[in-house]
Structure formats: C-alpha cells, structure tokens
2 protein chains.
Amino acid sequence: MGVPKCEVLQIAIVCAGYNSSRSVVTLFKSLLFYRRNPLHFHMIADAKAQVVLHTLFSSWNVPHVEVSFYLTDNLAADISWVPNKHYSGVFGLMKLTLNKALPSSLKKVIVLDTDITVATDIAELWNLFSKFGPKQYIGLVENQSDWYLGKLWKSHRPWPALGRGYNTGVILIRLDVMRRSNWSQKWKLIAERDLTTLFSTQLADQDIINAVIKQHPEIVYNLPCQWNVQLSDNTRSELCYLEVMDLKAIHWNSPKKLKVKNKHVEFFRNLHLTFLEYDGNLLRRELFGCNNSRYITASNSLSQLSEEDECYEFRRARQTNYRTHLFFLDHEYDPTTDGYDVTLVATLSMDRLQMVEQLLTHWDGPVSLTLYMSDAEAQQFLSYTQSSEIIANRKNVAYHVVYKEGNFYPVNFLRNVGVQHVNTPYVFLTDIDFLPMFGLYVYLRKTLQNLHPDDSKKAWVVPAFETQRYRLSFPRSKAELLNRLDMGELFTFRYHVWTKGHAPTNFAKWRTATTPYKVPWEQDFEPYIVVRKDVPEYDTRFVGFGWNKVSHIMELHVIGFEFIVLPNAFIIHMPHAPSLDIAKFRTSPQYKKMCKNPQEGICG
Amino acid sequence: MGVPKCEVLQIAIVCAGYNSSRSVVTLFKSLLFYRRNPLHFHMIADAKAQVVLHTLFSSWNVPHVEVSFYLTDNLAADISWVPNKHYSGVFGLMKLTLNKALPSSLKKVIVLDTDITVATDIAELWNLFSKFGPKQYIGLVENQSDWYLGKLWKSHRPWPALGRGYNTGVILIRLDVMRRSNWSQKWKLIAERDLTTLFSTQLADQDIINAVIKQHPEIVYNLPCQWNVQLSDNTRSELCYLEVMDLKAIHWNSPKKLKVKNKHVEFFRNLHLTFLEYDGNLLRRELFGCNNSRYITASNSLSQLSEEDECYEFRRARQTNYRTHLFFLDHEYDPTTDGYDVTLVATLSMDRLQMVEQLLTHWDGPVSLTLYMSDAEAQQFLSYTQSSEIIANRKNVAYHVVYKEGNFYPVNFLRNVGVQHVNTPYVFLTDIDFLPMFGLYVYLRKTLQNLHPDDSKKAWVVPAFETQRYRLSFPRSKAELLNRLDMGELFTFRYHVWTKGHAPTNFAKWRTATTPYKVPWEQDFEPYIVVRKDVPEYDTRFVGFGWNKVSHIMELHVIGFEFIVLPNAFIIHMPHAPSLDIAKFRTSPQYKKMCKNPQEGICG
C-alpha cells in the first residue's frame with residue numbers, strides 16, 4: 001500500500017432526491033468500515049439530498065470525515081441541453097461537470113455512483129493514481145456487458161466506444177490534467193457531433209465519456225475489473241472475479257438492483273446487507289495518529305462522564321447527538337394557499353409501527369413522524385412501507401429516522417426533530433397511540449381559518465379520551481362519543497391512573513360547549529395541542545418515561561401561552577401493552593429515584 | 001499472502017459452560033467475516049458448550065466450515081491435579097493437553113481464547129507458521145502487562161518467565177514438533193517442580209507455558225504484538241499499536257471485559273460490538289472456487305424456489321433452517337424426585353419482553369422460552385436480563401434464541417425448539433401473553449402426582465380467560481375469577497371474536513367442576529394443555545398468524561389423545577396491541593388468500 005498514513009482521500013458522489021440519499025448511505029458505510037485514512041466527501045447534490053445528508057453527517061459526527069456540498073442547480077445549465085433517455089435524468093450527466101464543480105485546488109478525485117458497495121479499503125483504489133501516465137486523467141473499468149458492442153438486440157445502436165466501452169460507476173479523475181486538456185470543450189464538441197445522428201444519450205454521461213475516449217484513447221487508464229464488478233442484466237462479470245478472489249467494489253447497476261439474477265447474487269446481497277443493516281454509530285471510530293485538526297471533530301463531552309456513576313446511562317442519553325436521517329422516504333408537500341395548514345407530529349419505535357396505517361386512515365393532512373430505530377429496523381420499516389398500500393400512496397407524510405443509541409427512548413429529542421422539519425404554519429402535537437376523530441384535519445384548518453389567530457401564544461387543546469378495547473368501532477361524532485362515555489365504553493384519557501393530566505381540559509364543560517373556551521393552566525396538565533410551528537422546543541434532558549410533556553406545557557404557560565379547548569375535536573387513545581421504558585420505570589428503583597431527587601435535576 | 005487458496009485453516013478453542021458459549025460467538029463471527037479460506041474449528045468443550053455450539057453450527061450452516069468436538073471430561077484427568085487460582089478453573093489448563101486432545105493427523109493449529117476479537121483475515125496469522133525454525137513449535141505474543149516482572153505490588157511472586165513473559169490468548173502450535181518433543185512429560189515435570197514453591201498457578205496454563213519457555217527458550221517463536229493486543233488492566237498495549245496501524249486481534253483479557261479502562265477503549269468496543277450485533281446469517285457466504293466436498297455444505301433447496309412466485313416469502317419461511325442458540329443465558333435444573341415435574345413452554349419476540357418478569361412472578365417452576373430475535377436484539381435482551389433482578393435470580397428458566405430470518409414469525413418452529421430441550425417429563429404449552437394463576441405450577445405437579453397418568457395420550461386442559469384491562473388485579477382464586485366473570489370484568493378467552501377456539505372446554509361445566517372431566521374434540525379447538533414432553537411436534541409449515549395451534553390439537557386428537565379439563569387451573573390473557581403479523585393478516589389479501597386456498601396447502 002503506497003498511500004501515506006493520514007493522507008486525505010477525496011471522493012465525489014452525485015446524489016439527488018430522497019431515495020438516492022437513502023441508498024447512498026450504504027456506500028458511505030462500506031467506505032467508512034474499511035477506510036484507514038481521513039475522507040473528504042464532495043457531494044454534488046440537489047436541495048433535498050443536501051438537507052438529508054448535511055443533517056446525517058453532522059449528527060453522525062464521524063472523526064476524520066469532511067463533507068462539502070455543491071448544489072446541482074448551479075451546474076445544470078452546462079448539461080441540461082443534452083437529450084438523455086436514462087432514468088437518472090439530468091443528474092446522470094452531472095459527472096461531466098466535475099472539473100468545474102469541484103474546487104480548483106482539488107487535483108485528484110475518486111468518483112462513485114450511489115449504487116456501489118465497496119468490499120475493501122478505498123485507499124487501494126486511490127493508490128492506483130500513481131500508475132497513471134502523464135496523459136492519462138481518467139481511470140475506468142471496462143464495461144462488463146455487451147451493450148457497446150451493439151449486438152444485444154436488433155436495431156440496437158449504441159454510442160461509439162473503444163471495444164466493449166467503459167463503465168462510469170467508478171472513476172479516478174486527475175482533475176488537474178483534465179482541466180488542462182480543456183475537458184469541458186472536448187466533451188461538448190464530441191457530444192454535439194454524435195447527437196446529430198444518435199439524437200439522445202441512453203446511458204447518460206457514460207455514453208459521452210465513451211465517445212470522448214473512442215476519439216482520445218490516450219486519456220484513459222484501465223482499472224482492474226474487480227474495482228467495478230457490474231451486476232447488470234447481461235453482465236459477464238464472473239469472468240472477472242472468478243480469476244480474482246478479491247472483490248473490491250460491487251456495482252448494482254441493474255434497474256432490478258438487489259433482485260437482479262446472478263449466479264452469485266446471494267453472496268453479493270450478503271455483502272450489501274452487511275452495510276445496509278450495520279449500526280452506523282459503530283463507524284465513529286477515530287484514526288490513531290492522524291491529528292490534522294481540519295479533519296478531526298470536536299472532542300466529545302461524553303468522555304467527561306464516569307461510567308461508574310449510577311446515573312451514567314441517563315446522563316449519557318441527555319448528551320447524545322443522535323444520528324438522524326430526515327425524510328427517509330420520498331416526500332412531497334404542496335403548501336395550501338390559506339396559510340392555516342397543520343401537520344400532525346408524533347414519534348414511534350418499531351413496536352408501534354402497526355399504528356401508522358390506522359393513523360393515516362384517520363388523518364389525511366400532512367404528517368411528520370419521527371421513528372426511533374436501529375439501522376436494521378429501518379430496513380424492516382422500509383420494506384413494511386413498500387408492502388402497505390395505505391402508506392405507499394401517501395406522499396405528504398415525512399418519516400424521519402433517529403438511530404437508536406443507549407437505553408432510553410429520547411422522546412423529546414424525537415419530537416423536536418419532527419417539529420423542526422414541518423412545512424406548515426401549525427403543528428398538532430400528539431402521540432402515536434392516539435387516533436384522531438375522522439375529519440379532525442379539516443376541522444382544525446377551518447377553525448384556524450375562522451378564528452384568524454393574531455397571536456402566536458395560543459395552544460388549542462384537542463380533548464383526549466381512551467378505550468380499553470382493541471376492537472373499537474370508532475365514534476363518528478361528538479354525540480356518539482358522549483354516548484359511549486356515558487355507557488362506560490370510553491373514558492377521558494388516563495381517567496383511572498392520572499386524572500390530573502387532563503382534568504384542566506374541563507370535560508364537563510366540553511360536553512355542551514359549542515365554541516372554543518379558555519382554561520387555566522394547572523400543575524401536571526399535559527394536553528394534546530395545536531400550536532404554531534415556532535413553538536419552543538421540548539426539553540431533551542427528559543428521556544424515557546415521565547414528565548417529558550408536562551414540562552413542555554408548563555414552559556408554554558410560563559411564557560404566556562393561553563390554552564383554548566376546541567369544542568368539536570377529539571382523539572382517542574388505543575390500548576397497548578406497556579412499553580419497556582414504562583416497565584423499567586415501574587420496577588427500577590434507580591429510574592424512579594432519579595426522577596424524584598431534585599438534586600439530580602430533571603432527568604427521567 | 002502465502003496461504004494457498006482453499007487451504008483449510010485449523011483453529012482450536014477451549015469453551016465450557018453457557019456463558020462462554022455465548023461469548024465465543026463474537027470470535028466466530030469476526031473470524032468468519034474476514035476469512036477467505038475454509039475453516040475447521042476444534043472445540044475442546046464441556047457437555048453444555050457442546051450442546052449449544054453443535055446446534056448453533058448445524059443450524060448456522062456456513063459453507064466451508066467444519067466443527068469437531070472433544071469432550072473435556074476425557075482430558076481433565078491430565079490436568080486436574082494442578083492447583084489453579086484463576087477464575088477459569090480446570091478449563092484454564094485445558095490448552096496444555098492439545099497435543100493429546102487433537103487428532104494425530106493434525107500438524108498445525110491456531111489456538112484462540114474465547115475473549116479474542118479478530119480484525120483481519122486469520123490466514124495472515126496462519127501464514128506465520130512458515131517462519132518457524134525447526135525447533136520452534138509454539139508461537140506467542142509477549143505479555144503486555146508487567147505481571148511476570150513481579151513488580152506490580154509488594155509480595156507479588158509470579159511464576160518464572162522469560163523477560164515479560166508471554167500471553168497465551170493467541171497461540172500457534174506445530175503439533176507434530178510438539179509431540180516429538182515430549183510435551184506432556186516436559187510441562188508436567190516443570191510444573192511439579194515449580195509448584196513445590198509456588199503452590200498453585202495464578203494464570204492457569206499461561207504460568208506453566210511460561211515456566212517451560214523459561215527453561216527451553218528455543219521452542220518459542222515471537223509473534224508480532226498486534227496479533228494479541230491485550231486490554232488487561234495494566235496493559236502497555238499502546239506501545240504496540242501506536243506503531244502499527246494494523247490491529248490484528250484484540251484480547252479482552254481483563255475480568256472487566258468491555259468495561260476496562262483504556263485510552264482507546266471506544267475504538268475497541270466498536271470493533272467488538274460490530275460482531276456482537278452482526279447478523280450471523282450474512283456469514284453464510286460461499287468461497288468461490290473451493291469445492292473440496294468435505295467442507296462444503298449440502299446444496300440448499302431454497303435455490304429451487306422462484307422469487308417471482310407470489311407465495312415466495314411463505315414458501316421460503318417454511319424451508320428456513322433458523323440459526324438457533326440454545327441456553328443463551330446460564331441455566332440450572334435439578335430434576336425433582338417424583339417424576340412429575342412440568343416446564344412452562346412459550347415463545348416471544350422483543351415486543352413481548354416485558355411479559356417475562358410478570359410470567360416468572362406467577363410461575364416458579366421451570367420455564368422454557370424461545371425468543372425470536374436479531375443478533376442485535378439478543379444483546380439488548382441480554383442487557384435487559386442483567387438489569388432485572390427477577391430474571392437474574394431465576395436459574396431454572398431456559399432462554400433459547402432463534403435468529404430472525406424472513407418476514408414471518410415461525411411460531412411452530414419456535415415452539416418445537418422450546419419443547420425439545422425441556423428436562424422435565426411434562427410440558428405446559430402456553431403463549432407468552434397469558435399469566436398463569438398463582439400456584440398453577442404446584443397445582444399441576446400435585447394433580448399429575450395424584451392421577452398417576454399411566455397413558456401418555458392425555459392432554460390436560462388449562463382453561464383460558466381474558467381481560468381487556470391492563471391494570472388487572474389478578475384473581476387469587478377460582479371463586480374470585482368466577483365472580484369477575486359474572487361482573488363482566490373477565491371473559492372466556494376470545495369470547496368476542498373466536499368463541500369456537502375454546503368452547504369445547506365447556507366453561508359452564510367448569511364453573512362447578514371439582515374433578516377433572518373429559519371433553520370431546522371439536523373442530524377449531526385450541527386449548528392450552530399439559531402433556532408429556534414427547535408430544536408430537538408442531539407443524540412448522542405454519543408461519544405467521546393463523547391455524548398453527550389448531551392443527552397441533554387436531555393432530556393429537558387424530559392419534560388418540562384425550563382432552564381432560566382441570567377444574568382448579570386457569571390462565572388469563574393480558575391485553576396487547578395486535579402484532580404486525582396479525583396486522584398483515586388483516587390487511588393483506590395475499591396473506592388471507594394463501595390460508596384459504598386449499599391448493600396452496602397449509603401455509604399461513
């Protein structure tokens with residue numbers, strides 16, 4: 001290995017949209033798993049990918065990793081004139097602009113497609129730059145399908161290429177030499193010429209790069225085939241790796257992705273799933289002896305805590321910077337014109353996943369759900385959403401994933417993530433085990449519209465009820481609700497165990513109320529409320545079970561919020577077994593003691 | 001790398017008891033993750049470890065891995081005379097007998113302690129055999145603490161050693177040369193001599209091996225320090241790896257294990273946790289081009305299935321050989337003398353974990369729980385059990401872990417695992433969401449004792465009830481149960497949704513019954529029963545929700561079982577939200593269709 005210790009390796013990746021931002025994480029994990037050098041990722045990203053990946057990396061906080069973003073909007077003009085039939089659209093051509101996009105100080109860069117999984121230290125690839133001749137500035141692996149031979153089917157007319165052509169999923173670029181060779185002019189001239197007969201590219205940048213190489217073969221350096229083992233539909237890749245035990249990089253370049261047919265697909269899937277499910281928190285590994293200050297993250301205050309402190313787990317949970325993947329699934333939201341739209345905000349973990357479908361049936365407005373899961377669970381969640389018609393058909397639901405760390409459910413951190421990324425002016429702050437009355441979304445919007453609330457310091461209370469039965473036929477109206485309440489089939493929320501939490505709602509008054517009414521705050525009040533999205537954040541020092549919502553409502557009261565009960569709104573709590581956090585609260589003296597001991601402050 | 005492709009690497013490990021059998025799995029996973037050669041594990045194991053590891057490897061079914069067992073019982077005589085103060089007891093000396101224990105055809109072997117984690121391909125270590133001189137037959141890394149220098153504390157008198165001495169956590173042994181050198185005689189003579197002044201070994205085999213080397217330094221080959229980076233309490237290991245980026249093997253040789261204090265402990269923990277949580281199923285990777293028939297496992301019938309078949313997931317689940325780790329926690333069972341003991345058998349996944357404590361409070365007899373979990377969840381489970389006094393104090397509960405694979409809960413496979421490893425003559429087949437009446441265990445034993453059942457074809461029915469309330473004050477007697485039933489606080493099980501399942505129990509008769517009464521089988525009967533442990537297995541073609549228990553009861557009926565209801569026994573079902581499998585059943589037409597279409601056979 002010829003790469004000097006602590007040399008920074010430069011890696012560029014084009015990434016656009018929520019789905020690619022999710023797929024590319026597996027590439028990052030495989031790179032970080034095997035790397036022994038500092039890495040600098042250069043992300044050519046659209047606005048969506050930038051939001052997701054910027055938040056991900058800053059919460060991931062991996063030592064010796066730097067990430068820079070280059071917005072594709074600024075580069076599109078150079079390439080959008082090229083007609084392209086490939087599914088990647090204009091982003092598929094983005095790699096042609098790297099000489100302009102990346103800083104001129106950058107001399108060498110590895111370029112990877114998002115559907116690559118590496119199986120070894122990327123420094124081995126970086127090391128191959130040293131083998132480039134003086135005129136070579138682009139390193140590529142030969143194409144492993146017969147595409148460019150033009151014999152795949154009748155009337156198949158591929159772009160010109162040298163022999164079998166090259167695949168552009170993995171590229172080494174000597175940017176300095178490329179810039180000196182007038183790359184921008186070169187590819188444009190050749191593309192313009194070939195487009196006169198071929199009308200559009202079929203494989204995006206790859207067609208144009210092959211056409212350039214066909215005319216200038218001196219610029220290419222042939223990389224060993226195992227650095228881009230192509231699992232496309234007509235691949236001959238086994239000719240490569242049967243010879244060489246060492247697979248270096250797998251390229252899932254079939255539109256079928258993991259479902260592609262291949263003799264060794266189980267082997268490749270296992271490699272891919274390894275990183276898909278790998279706990280990304282474990283990649284926060286330092287590199288011994290590389291103390292270049294630019295690439296090392298700030299020292300962590302966690303190291304100040306003593307593991308022998310009996311409250312260690314609680315203190316640690318308060319300080320944790322949870323790794324966060326915003327908009328884990330595709331998401332669309334069109335703002336309403338009236339300015340009174342409201343997003344339902346809730347948090348959950350895997351054990352409440354079955355609530356999501358029901359919730360979406362009861363609420364057709366925008367939703368922001370923060371999910372607390374492990375990396376492996378996030379994949380189960382993904383496959384669940386793909387199998388659910390109700391979920392797959394709803395684009396106005398934002399799913400934010402916060403990755404598990406430590407032993408407590410960081411409920412207030414999760415709530416804050418959910419509120420922070422809402423696009424509507426109002427939020428409805430609820431819990432995942434409540435179902436809203438049918439039509440609550442429309443009712444809330446109308447109410448806000450009618451009342452034209454001029455003051456932001458109002459919290460609209462949605463009265464909460466509960467059932468102890470699983471198979472509830474959900475009341476269709478307030479009248480039906482009251483009827484069931486009288487029959488003892490429904491109760492006000494926590495009627496039996498914690499009446500104080502909702503007593504200030506004044507259910508007696510609510511029975512006959514037809515207009516919103518103000519109620520005074522009382523100690524331990526914890527209503528479910530509609531507020532403006534700029535509401536103060538929840539206090540993240542509360543983790544696990546207890547006081548997390550009470551403290552928020554108390555803060556709103558202290559800073560002058562009014563609590564106004566809505567007369568025609570309700571939600572009903574659905575029964576479930578106690579969560580493990582509640583079970584711990586009941587049995588662990590530690591857990592209780594810390595909540596009650598004022599010297600410990602607020603912590604449980 | 002000088003190891004020929006497909007050469008089999010031989011690895012010996014001493015392992016005894018349930019806890020070591022669990023810890024050693026992390027070593028196996030790290031070895032399998034990085035290996036590129038066939039491996040043959042030689043396990044010097046006690047009976048407990050053999051049961052666990054034999055089942056684990058045969059269900060794991062990793063290609064190109066062979067496992068042989070050598071029972072420590074046969075070897076103990078050679079070493080049990082040595083007084084040893086080390087916590088590992090007689091097993092700590094077992095490595096001295098490898099020349100006898102391992103087959104004479106074996107010429108070279110790598111010996112690893114169970115608390116090693118490797119961080120690279122073990123073939124690199126194997127390759128160092130080629131550097132041994134003709135007289136060298138034992139390869140060792142120098143000790144990284146000052147132990148053998150004898151200056152750690154006043155009156156510290158270590159065994160004799162060459163300089164800092166050697167650590168025996170990682171050993172290369174040339175068995176052929178060792179045998180020719182009369183190893184058995186050599187170590188015994190030296191140990192006998194030193195024991196006259198030192199009275200006992202402190203570090204088990206390590207003391208004796210160091211004493212032998214002190215006298216015969218020509219036998220040792222010095223391994224590079226990074227092959228045994230020792231994280232003991234007084235380690236100077238950073239002198240090793242600060243020089244060498246490549247850490248090869250980490251040795252958790254402090255009694256504090258992962259909680260040891262060390263400058264880089266976070267780094268080492270991450271490496272360890274990587275394999276602790278790693279999905280072991282992903283290690284079923286083939287080695288391309290090594291077709292030595294002895295080391296390849298039988299071709300899998302799974303490959304016959306088509307992924308495009310709409311029932312693929314169901315068919316796959318039926319055929320899966322789930323990786324199984326028996327007795328995941330320490331377990332003790334003393335058979336009762338009367339011959340009528342009964343084990344409660346149930347299955348669960350993480351979402352029912354909070355039921356375990358309650359269950360153990362209601363049943364103090366032996367329990368066999370099969371847990372369906374991922375590797376990461378198994379670690380959460382472990383840490384949960386360590387924090388629970390109720391669980392930690394009960395040794396008569398067997399926890400068997402079956403690792404998740406595919407999308408369905410393989411309920412009948414899990415039940416069979418639970419029944420197969422029971423030590424009592426009778427089993428009580430129940431579900432995790434039921435709580436037995438207090439005293440049920442004693443009642444069942446007395447009843448069986450009194451009735452002296454001469455015939456194995458009897459199924460004793462424990463009547464099942466349900467509550468829809470979480471905070472049930474559990475009835476203390478049959479009279480109280482009946483009272484609550486009359487008040488509508490309790491119901492017979494599934495009274496509202498599936499009366500047929502328990503109607504044959506004849507609850508009307510039960511109210512007044514004082515002696516056991518026989519009831520006829522009827523279609524769809526699914527009672528909870530006490531039977532002899534040699535009861536026919538459950539049909540594992542049933543996965544997910546539906547018909548899994550009905551079919552078992554039907555089979556018992558067909559082969560002539562009588563169903564006899566116990567007059568003073570009951571269990572109560574505790575409420576919980578529907579499982580995802582039930583949710584799928586309700587919403588997926590696929591799921592329902594397959595259960596109802598007779599041409600598909602039984603599959604859901």
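From a predicted model like this one, the values you see are computed outputs, not experimental measurements.

Moving on to the overall build of chain A. Secondary structure assignment for chain A yields 21 helices and 23 strands. A burial count over chain A gives 60% of its 604 residues as buried. By sequence separation, contacts in chain A at least 24 residues apart represent 79% of the contacts at least 6 residues apart. About 24100 Å² of surface is accessible on chain A, with carbon and sulfur atoms providing 51% of the total.

Attention now moves to helix α12 (residues 355–362) of chain A. Across the 8 residues that make up α12(A), a large majority, 6, are buried. Listing the buried residues of α12(A) in full gives M355(A), V356(A), E357(A), L359(A), L360(A) and H362(A).

Here the focus is the domain arrangement of chain A. All names here are of chain A. Per the domain assignment, the segments of chain A are domain 1 (9–283) and domain 2 (324–600). Contacts between the two partners involve 18 residues from domain 1 and, on the opposite side, 14 residues from domain 2. In total, about 1400 Å² of surface goes out of reach between domain 1 and domain 2, with carbon and sulfur atoms giving 55% of it. Looking at the side of domain 1 facing domain 2, the largest losses of area belong to Y18, R22 and N281, adding up to 41% of the total buried there. Here domain 1 and domain 2 share 1 salt bridge between them. Residue K29 is joined to D375 by a salt bridge in which the shortest nitrogen-to-oxygen separation is 2.8 Å. At the junction of domain 1 with domain 2, the criterion picks out 5 residue pairs in polar contact (both at pLDDT 80 or more).

Moving on to the side chain of H552(A). All names here are of chain A. Take H552: it is sitting in helix α19 (residues 548–558). Looking at H552, the relative accessible area reads 2%, which means it is buried. In contact with H552, other than residues within four places in its own chain, are L429, V535, P536, E537 and Y538.

A few words now on a nonpolar patch on the surface. All names here are of chain A. Taken together, the side chains of M554, V558 and I559 define a hydrophobic patch exposed on the protein surface, amounting to about 250 Å² of accessible area. Here M554 shows up in helix α19. Under the relative-accessibility criterion, M554 is labelled partly exposed at 35%.

What follows is about the pattern of salt bridges. Residue and element names in this part refer to chain A. Per the counting criterion, the structure on display carries 53 salt bridges over all chains. The salt bridge partner of D431 is R415, with a shortest N-O separation of 3.3 Å. Within this pair, whereas D431 is found in the loop between β15 (426–429) and β16 (434–436), its partner R415 is found in helix α15 (residues 411–420), the two being separated by 16 residues in sequence. According to the relative accessible area criterion, D431 is buried, its value standing at 17%.

Now for the packing of helix α7 (residues 183–198) of chain A against helix α8 (residues 205–215) of chain A. All names here are of chain A. Close contact between α7 and α8 brings their axes to 9 Å; oriented N to C, the two are set at 100°. By the criterion of interaxial angle, the relationship of α7 to α8 is roughly perpendicular. Residues W183, K186, W187, I190, A191, R193 and D194 of α7 form the contact with α8, whose participating residues are I208, I209, A211, V212 and Q215. Partitioned by chemical class, the residues of the contact of α7 with α8 number 8 nonpolar, 1 polar and 3 charged.

As a rule of thumb, soluble globular proteins bury nonpolar side chains together. Counting 119 residues, the largest nonpolar core has F41(A), I122(A), F41(B) and I122(B) as the members making the most contacts within it. Apart from residues no more than four positions distant in its own chain, F41(B) is found in contact with I11(B), I13(B), F28(B), L31(B), F57(B), V65(B), E66(B), V67(B) and S68(B).

Of note in the backbone geometry, A204(A) takes a positive phi value of approximately 60° without being a glycine. For A204(A), the position within the fold is in the loop between α7 and α8. Relative accessible area serves as the criterion here: at 2%, A204(A) is assigned to the buried category. The backbone of D524(B) sits at a positive phi, close to 75°, despite the residue not being glycine. Examined against the element boundaries, D524(B) turns out to sit in the loop between β20 (517–519) and β21 (528–532). With relative accessibility at 7%, the residue D524(B) sits in the buried group.

Turning our eyes to something else, we now look at the confidence of the model for chain A. Residues and elements named next belong to chain A. Summary statistics for chain A give a mean pLDDT of 88 and a share of 89% for residues scoring 70 or more. Across residues 293–300, where pLDDT falls below 50, the model places 17 contacts with residues more than four positions away in sequence or in other chains. Within the model, the stretch residues 595–604 combines pLDDT values under 50 with 22 contacts to residues more than four positions away or in other chains.

Let us now look at the packing of aromatic side chains. Under the definition given, this model contains 65 aromatic pairs over all chains. With 5.8 Å between their ring centres and 65° between their planes, Y34(B) and F275(B) make a pair best called edge-to-face. Residue Y34(B) is found in helix α1 (residues 17–34), and its partner F275(B) is found in helix α10 (residues 265–276); the two are separated by 241 residues along the sequence. Connected via pairs of aromatic rings, a cluster forms that spans F33(A), Y34(A), F275(A), Y278(A), F33(B), Y34(B), F275(B) and Y278(B). If you follow K478(B) out to its NZ or CZ, it ends over the ring of W510(B), 4.2 Å from the centre.

What follows deals with the sheet that holds strand β5 (residues 116–118) of chain A. Residues and elements named next belong to chain A. Strand order in the open sheet made by the 3 strands is β5-β10-β9, with mixed pairing throughout. The two strands at the open ends of the sheet, each matched to only one other strand, are β5 and β9 (229–230). Relative to strand β10 (residues 249–251), β9 runs parallel, the two being bridged by 2 bridges. Bridging from a neighbouring strand, Q230 pairs with H251 of β10. Contacts from helix α10 (residues 265–276) reach β5, β9 and β10, with the element oriented near 85° to β5.

The side chains of a regular strand alternate between the sheet's two faces. Residues and elements named next belong to chain B. Counting buried positions over the 7 residues of strand β1 (residues 9–15) gives 7, a clear majority of the element. Burial of the side chains of β1 extends over both faces: L9, I11, I13 and C15 are buried on one face and Q10, A12 and V14 on the other. The pairing of β1 with strand β2 (residues 39–45) spans 7 bridges and is classified as parallel. Looking at β2, one finds that Q10 is bridged to H40. Regarding topology, α1 serves as the crossover connection from β1 to the parallel β2, and that connection is right-handed. Relative to strand β4 (residues 108–112), β1 is paired through 3 bridges, and the arrangement is parallel.

Rules and cut-offs
- Residues numbered from 1 in each chain as written.
- Chains lettered and ligands numbered in written order.
- Predicted model: local features only at pLDDT ≥ 70, side-chain atom pairs only at ≥ 80, totals over all residues.
- Heavy atoms only, no water.
- Helix = DSSP H or I, 4+ residues; strand = E, 2+ residues; numbered from the N terminus.
- Buried < 20%, exposed > 50% of the residue type's maximum accessible area, 1.4 Å probe, protein only.
- Contact = heavy atoms within 4.5 Å.
- Areas by Shrake-Rupley, 256 points an atom, 1.4 Å probe, with all protein chains shown as cover.
- Domains from an automatic or database assignment.
- Buried area = accessible area lost by both parts, 1.4 Å probe.
- Salt bridge = Lys/Arg side-chain N within 4 Å of Asp/Glu carboxyl O.
- Polar contact = N/O pair within 3.5 Å; in protein donor to acceptor, adjacent residues only side chain to side chain.
- Patch = residues over 30% accessible without salt bridge, like charges linked within 9 Å, V, L, I, M, F, W, Y side chains within 5 Å.
- Axes fitted to C-alpha atoms, helices over the stretch in contact; angles between N-to-C directions.
- Parallel < 35°, antiparallel > 145°, perpendicular 65-115°, else oblique.
- Nonpolar A, V, L, I, M, F, W, Y, C, P; charged D, E, K, R; others polar.
- Core = buried A, V, L, I, M, F, W, Y, C linked by side-chain atoms within 4.5 Å.
- pLDDT = per-residue confidence, 0-100.
- Phe/Tyr/Trp six-rings, centres within 6.5 Å; stacked < 30°, edge-to-face > 60°.
- Lys NZ or Arg CZ within 6 Å of the ring centre and 35° of its normal.
- Pairing = 2+ DSSP bridges.
- Right-handed = clockwise from strand over helix to strand, strands pointing away.

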